Amino acid sequence: MIPSAFDYVAPSTVEEAVRALAEAGEDAKVLAGGQSLLPVLRMRLAAPSTVVDLGRIAELRGVHEDGDRLVIGAMTTHYDVQRDPLVRQHALLLALATDTVADPQVRHRGTFGGSLAHADPAGDLLAPALALDAEMVVAGPNGRRTVPAEDFFVDYFTTALAPDELLVQVRVPKFSGWGAHYEKFNRVAQAWSIVAVAAAVRVDGGSIAEARVGLTNMASTPVRARGVEEALIGRPATAETIRAAAQHAAEGTQPVTDANADADYRRHLVEVLTSRAVTAAAAG
Amino acid sequence: MTATIEPELGRPRRRKEDARLITGRTRWTDNIALPGLLHMAVLRSPLAHAKISRLDAEAARSMPGVIAVLTGTDLAEQQGSLPCAWPITPDMASPQHPALAVDEVRFAGEPVALVVARSAAEARDAVEAIDVDYEDLPVVLDMEAALADGSPLVHQDLGTNRCATWVFDSGEAGTGEDVDRVIAEARERGDVVLERRFRQQRLIPAFMEPRSVVVDPTGEQITMWSATQVPHILRLMLAMTLGVPEQKIRVIAPDVGGGFGGKLQVTPEEVLTFLAARRIGRPVKWTESRSESMVSAHHGRDQIQRLTLAARRDGTLLGLKVDLLADMGAYLGLVTPGIPILGAFMFNAIYKLPAYRFSCTNVFTNKTWTDAYRGAGRPEATYAIERMMDELAAELGKDPLEVREQNWIKHEEFPYTTVAGLTYDSGNYEAATEEAKRLFDYQALRREQAERRERGDAVQLGIGVSTYTEMCGLAPSRVLGSLSYGAGGWEHAAIRMLATGKVEVITGSSPHGQGHETAWSQIIADKLGVPFEDVEVIHGDTQSAHKGMDTYGSRSLSVGGVAAAMAADRVIEKASKIAAHLLECSEDDLEFTAGRFAVRGTDRGTAIQEVALAAFAAHDLPEGVEPSLDAEVTFDPENFSFPHGTHLCAAEVDTETGRVRIRSYVCVDDVGKVVNPLIVEGQVHGGLAQGIAQALYEEAVFDEMGTLTTATLADYLVPSAADLPTFTTARTETPATTNPLGVKGVGEAGTIASTPAVVNAVVDAVRHLGVNDVDMPCTPMRVWHAIHRGAGAAPTEMATGAEAGGGLGSIDGGDQ
Amino acid sequence: MRITVTVDGVTYSDEVEPRMLLVQYLRERLGKVGTVVGCDTSNCGACTVHLDGHSVKSCSVLAVQADGCEVTTIEGLARDGQLHPVQQAFHDNHALQCGFCTPGMIMQAIDLLADNPEPTEDAVRQGLEGNLCRCTGYQNIVRAVRDAAERMRPGAGPEVERVSEGATAHAVGGGE
C-alpha cells in the first residue's frame with residue numbers, strides 16, 4: 001500500500017530538526033530508520049502532515065567514549081551497533097540484543113534511537129537499555145536534557161519525549177568485563193518477542209558480584225527485574241542460586257494475553273528465560 | 001544430428017523458466033503497463049456483518065485524478081453472482097455472491113465500493129474519502145454456534161446457516177459394511193473404540209505474489225491479465241457470470257507467483273476490474289496489498305472433525321466414522337463446498353477398512369470465504385486418520401508403524417478397491433516404509449526417546465509417523481459428474497511442428513511455479529527425439545492455448561502431461577505416413593527411434609525435422625494426407641493416480657517452554673515415474689514446509705467481532721529458512737498403471753503427509769506426561785498448557801488482549 | 001521533491017512525491033520491475049535491493065531517502081550476459097519455483113555472503129530470515145547460497161557491484 005501524502009523535511013542539524021518539528025506541530029512524525037514507521041504509514045495507521053527525516057544529520061550517527069560512558073548516536077543503525085567494538089567491549093548486552101532484532105535488511109536501516117523512541121514493549125532494545133541504566137539525551141526547543149531509561153519509557157509506544165523533542169544520544173555506563181546474554185523467545189525467527197530477558201552479570205571469584213536483569217514484553221514498558229537481581233547478588237554463581245532467583249522474575253510484571261501467549265504462560269516463561277539468560281551470562 | 005543421447009525422462013534438467021526469473025526479466029501482472037492505464041482500489045468492509053445504511057462517495061468523486069467511483073448499487077444490474085461450480089447436493093443452500101456488496105456486508109474485507117483513478121495512490125486516497133454508515137448485524141463466527149437454533153443468520157434469505165450435508169456410507173454404497181453396526185458390536189465385544197475431535201485451523205494460502213488484474217477493453221476482444229491458476233475457467237466463468245460472449249474475452253495468466261489453490265478462483269476483483277474497464281473504456285489495473293490479500297483472498301481448511309475408530313485388540317481395523325463441520329465462510333467461491341468432500345475418499349487412506357461412513361456439514365459464518373488450499377480436503381483426511389492410527393497404537397501399546405503395517409494394503413494386493421469405492425492401481429507401502437526407517441534410523445531414535453524419558457530430560461523426543469496416500473490427477477470426468485461438479489476433468493494439449501523442425505507444445509495446464517516449460521519440453525523431446533532446446537511450451541493465454549482445465553489438484557503432469565505425450569504420438573503417426581512415402585516403403589517397415597524414421601534392415605531413413613519440412617512444402621505428400629504434422633489431444637483420465645509415502649518426523653519438545661524443534665525429517669515418496677527429479681524434489685520440499693507450517697506456525701485468527709487479527713505477514717506466521725529443518729527426501733517408484741507415462745503427481749504430497757507426522761511427533765514426545773492431543777498450530781503456549789494441564793488439548797481460542805506489544809501499534813507514539 | 005539516484009550504474013534525476021516508496025520509484029518510474037512488492041509490513045523481503053552496498057527492503061525506504069545513493073537491483077547483477085555467481089547457483093540448485101521471492105532472495109544472499117563468505121548452513125538460514133518463500137521450503141535456496149559461496153572469492157559481494165566494470169564478478173562467474 002501507499003502512504004497518505006505528507007510533507008518531507010530532511011534537516012542537516014539537530015537544531016534544524018527541532019525547529020522543523022516545532023513548525024510542523026502535533027501531526028509531525030520523526031523518521032529515523034523508518035523500519036517501524038514506514039509499514040505504519042503504508043497501512044495508513046498514521047497519516048502525519050510532515051515527516052522529519054533525521055537521516056541527513058551526521059552527528060547522530062556513531063559510537064564514542066566519554067569517560068565512563070559509551071555514547072551511542074540515536075541514528076546509529078542496528079548493523080553498526082552490532083559490529084561496534086566499543087559496544088561489544090563495554091555493553092555486550094546491547095550488542096547481543098541487537099543481533100536478535102528483526103532481520104538483516106531491517107538492521108541495516110533501523111536505528112538504536114528509533115527503536116527506543118518507538119517504545120514498543122516487545123522491542124528488543126528497551127529492556128537492555130533499562131537494565132544497563134542508559135540515559136537518553138533529548139533535544140528540544142529549550143536545549144538538551146537527560147532522561148534516565150526508567151523514566152523514559154512511559155507506556156505502550158509512549159515515551160517521555162514531548163512532541164517537539166528528539167532523542168539524540170544514548171549514554172550507557174561501561175559494563176566492561178561483565179557477562180551478558182539476551183534470551184529471546186518468539187515463534188518464528190523474524191517475529192517480535194513473546195517474552196525476552198536481558199541479563200548482565202559480573203562474576204567475581206565464583207560469586208555473582210553484580211547483576212542486571214531487564215524484561216521484554218512483560219508490561220506496557222520494559223521491566224527491571226530487581227527481585228531477581230537482589231536474589232543473585234552476593235551469592236555463588238550456581239544453578240541453584242540462579243533457579244531460585246529466577247522465581248522472582250514475574251514479580252511486578254503485568255503481562256498481557258494475546259494470540260501467542262496468555263498472561264499465565266508469560267509469567268511462567270519469564271522465569272524459565274531468566275534462568276537461562278542469567279546462566280548464560282554468568283558463564284560468559 | 002538430432003538424436004538425444006541421454007533419455008530426457010528422469011533427467012534432472014535445470015529449468016528453462018529460471019533465466020528470466022533470476023534476472024528480474026519477469027512478467028508479473030503488476031508489471032504490465034499499457035497506454036492510458038488507470039488504477040483501481042477497493043473499499044472493504046471493516047465489519048463482519050452489517051447493513052450498509054448510507055454510502056456517500058461525493059467527496060471521493062471530486063478528488064484529484066479520480067475517474068470513477070462505483071458502488072454495489074451502481075453495478076447491481078451487471079455484476080451477477082460470482083460462480084460456484086460445485087453444488088454438492090441438490091438442496092444445497094446457495095447464496096447470492098455479489099462482487100460488490102449492495103446493501104449488506106457479511107465478512108470483514110468484503111468489497112463495498114471501488115475507485116478508478118489516474119494513479120494507484122490517488123485511487124487509495126479517494127477510497128479513504130468514501131463515507132459509509134453501517135448498521136451492525138449480529139455476527140456468527142463459530143460453526144457449532146452457527147448451527148444452533150436461534151443463531152444469527154449469515155444470509156437471512158436462506159433461513160439457515162447450514163449450507164449442505166453430504167454423506168458417503170459404505171453400507172449404503174455397497175463398498176463395505178454398516179459402520180454404526182460395526183462400532184456397536186465392537187463396543188459390546190470390548191474392542192477398542194476411540195473417539196477424537198480434531199480441529200483443522202483456518203489457513204491462508206499466502207502465495208508470495210499478491211493478486212493483480214489488468215483489463216484492456218480497447219480491442220475487439222476484452223483482454224484480461226490475471227495472477228490466476230485458472231485462465232480458462234476464468235474466461236468461461238466471466239462469460240457466464242457477466243453474459244459477455246465467450247469469444248469476446250481473452251484471458252492471459254502471465255508469470256504467476258504461486259497459487260497453492262489460492263488463485264484457483266474467480267474473484268470479485270477480477271469481475272470488478274472487468275466491469276470498470278469496460279465502463280470507462282480504458283485499461284484498468286488492480287493490484288492488492290498483502291493486508292488486502294489476507295482478508296479477502298479465500299482462506300483454506302477450517303474444519304471440526306469428529307472421528308470414531310473401531311479396532312480389534314490385536315490392532316485390526318474394523319470401522320471408521322467421520323463427522324465433519326466445514327466452514328464455508330460467508331459465501332461460496334468457485335469450488336468451496338466441494339473441498340471437504342474431496343477428503344471423503346481419503347479418510348480410509350492406505351488401510352483395509354471394512355466399514356466407513358463420512359458425513360460433512362458445510363456451514364456459513366461471517367468470515368472470509370474458504371476454498372482450495374494445497375491438498376484441498378485430502379490433508380484434512382490424512383491428518384485425521386494418521387492421528388487416529390497413532391492414538392490406536394498408543395491405546396494398544398504397539399509401535400505405530402506396526403499397527404499401520406498390520407492394516408495397510410500389501411503390494412501384491414493391488415489393484416485394490418477401497419471402502420470408499422476408489423480403485424488404487426498400484427503402490428508399495430512396505431518398500432517406502434522400509435527405506436524411510438533406514439534413512440531415519442528409527443530404532444536409534446526410539447532408544448534415545450526411551451533414555452530421555454527415563455532421565456526425565458527437560459527436552460523430550462517424539463517420533464511421528466505418517467503413511468499417506470492421496471488421489472491426484474483431478475479428475476476422471478465421469479467421477480466429477482457423479483459428484484455434481486460443474487465441469488469435466490480432462491486436459492488438452494497440441495503440438496505444432498514448425499517448418500524448421502522446431503516444436504511448439506500448447507498445454508491447457510497453467511503453471512505458476514511448477515516448471516511445466518521444462519517438464520513438458522522433456523516429455524516432448526523424449527517422444528519426438530528432438531533436442532530439449534528445440535521445444536517451446538506455450539500456456540496460459542486463451543488465445544494461443546485455447547482449451548484447458550488449468551492447474552490444481554496435482555493434475556498437471558498426470559492429465560496435462562499425458563495429453564501432451566499423446567499428442568506427440570499422433571504427430572509421429574502422421575509423420576510416419578509421410579516418411580514412408582518419402583522413403584518409398586511401407587509404414588510397417590518403418591521404425592521410429594530417437595527422432596528418426598528408419599527403414600528396417602537398411603541404412604535409409606529420415607529425421608522427423610525433414611518430414612516436418614516436407615509436410616510444410618507439401619510438394620510431394622501421399623494421397624489424402626494433409627500438409628501438417630500438427631496434432632492435438634484432449635485426454636480424460638480413466639482413474640485418479642495414488643502417490644503414497646512414509647514420512648517420519650523426530651521432534652524435540654522443550655517441556656519448560658513448550659517449544660517444538662524438528663530435529664530430523666525423513667520422507668520417502670512414491671510418485672510413480674518421474675520426468676524431472678529436481679522438480680519433484682522441489683515440490684516435496686515446498687509441500688513439507690507448508691504442511692509443517694500448519695502443524696506448528698500458521699493460523700488465521702478472528703477476534704470476537706469477526707476481524708482477522710492475523711492480517712499481515714507479521715502476524716500470520718509463514719516460516720522462514722531459519723524456522724525449518726533440512727529434509728531428507730528419497731523416492732521409491734511404483735509406476736501408475738492408469739496413464740501411459742506411469743506418473744502420479746507430486747504437487748500436494750508433502751503438504752498432505754507432513755502435518756500429521758509433525759503433530760504425532762509432538763504428542764509422542766509428551767504422551768507420557770498425560771497428553772494425547774495438541775491443537776494446531778502446536779504453539780509453545782498450547783504445548784506447555786497441554787503438558788501442565790495433563791490430558792487433552794489446550795484451549796484454542798484465546799481472548800485477545802487490547803494491546804500487546806509487537807505490532808504496528810505506533811499510532812500515538814513519538815516514534816522515530 | 002527532486003532526487004538523484006544511481007540505479008544499476010545509471011544516474012537518474014527525478015521529481016518525486018515524498019510518499020513514494022523506493023520500490024515504487026524503481027518499478028513505476030524507472031521500469032525496474034524485476035524488484036517486486038510482496039507485503040506491506042517489511043516481512044517478506046521480496047523487494048530487497050542494495051542501498052549503498054547494504055541490503056534493504058525497498059518497500060520500507062522512501063525514494064527521497066535514497067537521494068544521492070547508489071542502488072543495485074536484481075537487474076544490475078548480470079554483466080555482459082554473465083550471471084552473478086549467486087544467480088547461477090540459484091539456477092543450478094533449483095532454488096526457485098514461482099520465482100517471485102527470488103530477486104529479493106538473491107540480493108539478500110549476496111549481502112550475506114559479503115558479511116560471511118563461508119557461512120554454515122545455520123548462518124545461511126539466519127541470514128535469510130527476512131525473506132519469505134512459499135514454494136521451495138528453502139532447502140535448495142540454502143544449498144544454492146552455500147554453493148555460491150564456494151564459487152565466489154572471499155570478499156566478493158556488494159563490493160563487487162561497486163567495481164564499475166564488474167570485472168571481479170565476471171571472472172568468478174566465468175570460472176564455472
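Since the structure is predicted, the reported quantities are computational estimates derived from the model, not experimental observations.

About the criteria used
Residues numbered from 1 in each chain as written. Chains lettered and ligands numbered in written order. Predicted model: local features only at pLDDT ≥ 70, side-chain atom pairs only at ≥ 80, totals over all residues. Helix = DSSP H or I, 4+ residues; strand = E, 2+ residues; numbered from the N terminus. Rg over C-alpha atoms; globule rule 2.2 N^0.38 Å. Buried ≥ 20, exposed ≤ 12 C-beta atoms within 10 Å, placed from the backbone. Axes fitted to C-alpha atoms, helices over the stretch in contact; angles between N-to-C directions. Parallel < 35°, antiparallel > 145°, perpendicular 65-115°, else oblique. Left-handed = near helix turned anticlockwise from the far one by under 90°. Contact = placed C-beta atoms within 7 Å. Nonpolar A, V, L, I, M, F, W, Y, C, P; charged D, E, K, R; others polar. Pairing = 2+ DSSP bridges. Core = buried A, V, L, I, M, F, W, Y, C linked by C-beta atoms within 7 Å. Domains from an automatic or database assignment.

Enquirer: Could you give me a rundown of the overall build of chain B, with the residues and numbers involved?
Expert: Within chain B, the secondary structure is distributed over 22 helices and 28 strands. For chain B, whose C-alpha radius of gyration is 28 Å, the value lies close to the compact-globule estimate of 28 Å for 816 residues. Dimensions of chain B, computed from C-alpha atoms along their principal axes, come out at roughly 85 × 75 × 55 Å. Within chain B, the proportion of its 816 residues that are buried is 61%.

Enquirer: Got a sec to walk through the packing of helix 12 (residues 378-396) of chain B against helix 13 (residues 400-407) of chain B? Specific residues and values, please.
Expert: Residue and element names in this part refer to chain B. The contact between helix 12 and helix 13 brings their axes to 8 Å, and the two run at 110°. Comparing the axis directions of helix 12 and helix 13 gives the class roughly perpendicular. The two elements helix 12 and helix 13 cross, and the hand of that crossing is right-handed. Counting all contacts with helix 12, which are made through Met389, Asp390, Leu392, Ala393 and Leu396, the residues of helix 13 involved are Pro400, Val403 and Arg404. A class-by-class count of the residues in the contact of helix 12 with helix 13 yields six nonpolar, no polar and two charged.

Enquirer: Lay out the interface of chain B and chain C in plain terms, naming residues and giving numbers.
Expert: Each partner contributes residues to the interface: chain B has 42 residues there, and chain C has 46 residues. Secondary-structure elements contributing two or more residues to the side of chain B that touches chain C are helix 1 (18-21), helix 10 (290-296) and helix 20 (677-696) of chain B. Broken down by element, the side of chain B that touches chain C gets its largest block of residues, six residues, from helix 20 of chain B. Residue composition of the side of chain B that touches chain C, grouped by class: 20 nonpolar, 16 polar and six charged.

Enquirer: Go over the sheet that holds strand 4 (residues 54-57) of chain C with me, naming the residues and quoting the values.
Expert: In sheet architecture, strand pairing relies on hydrogen bonds along the backbone and comes in two forms, parallel and antiparallel. Residue and element names in this part refer to chain C. The five strands lie next to each other as 2-1-5-3-4, forming an open sheet whose pairing is mixed. Across the chains shown, the open sheet's two edge strands, defined by having one partner strand only, are strand 2 (10-15) and strand 4. Neighbour to neighbour, the strand axes of the sheet diverge by 35° on average, direction disregarded. Sheet strands in contact with helix 3 (residues 102-115) are strand 3 (48-51) and strand 4, and its direction is about 40° off that of strand 3.

Enquirer: Mind laying out the nonpolar core, listing which residues take part and the relevant values?
Expert: Formed by 434 residues in total, the largest nonpolar core has its most connected members in Leu93 of chain A together with Val115 and Val762 of chain B. Tallying contributions element by element places helix 18 (residues 556-582) of chain B first for this core, with 15 residues. Dropping the residues within four chain positions of it, Val762 of chain B is found in contact with Gly462, Ala651, Val653, Val660, Val774, Cys778 and Val783 of chain B.

Enquirer: Before we move on, could you go through the domain arrangement of chain B and cite the residues and values that matter?
Expert: Residues and elements named next belong to chain B. Here chain B is described as being made up of domain 1 (18-24 + 490-635), domain 2 (35-137 + 208-258 + 263-296) and domain 3 (300-474 + 639-788). At the interface, 23 residues of domain 2 touch 24 residues of domain 3. Residues belonging to the side of domain 2 that touches domain 3 are distributed by class as follows: 14 nonpolar, seven polar and two charged.

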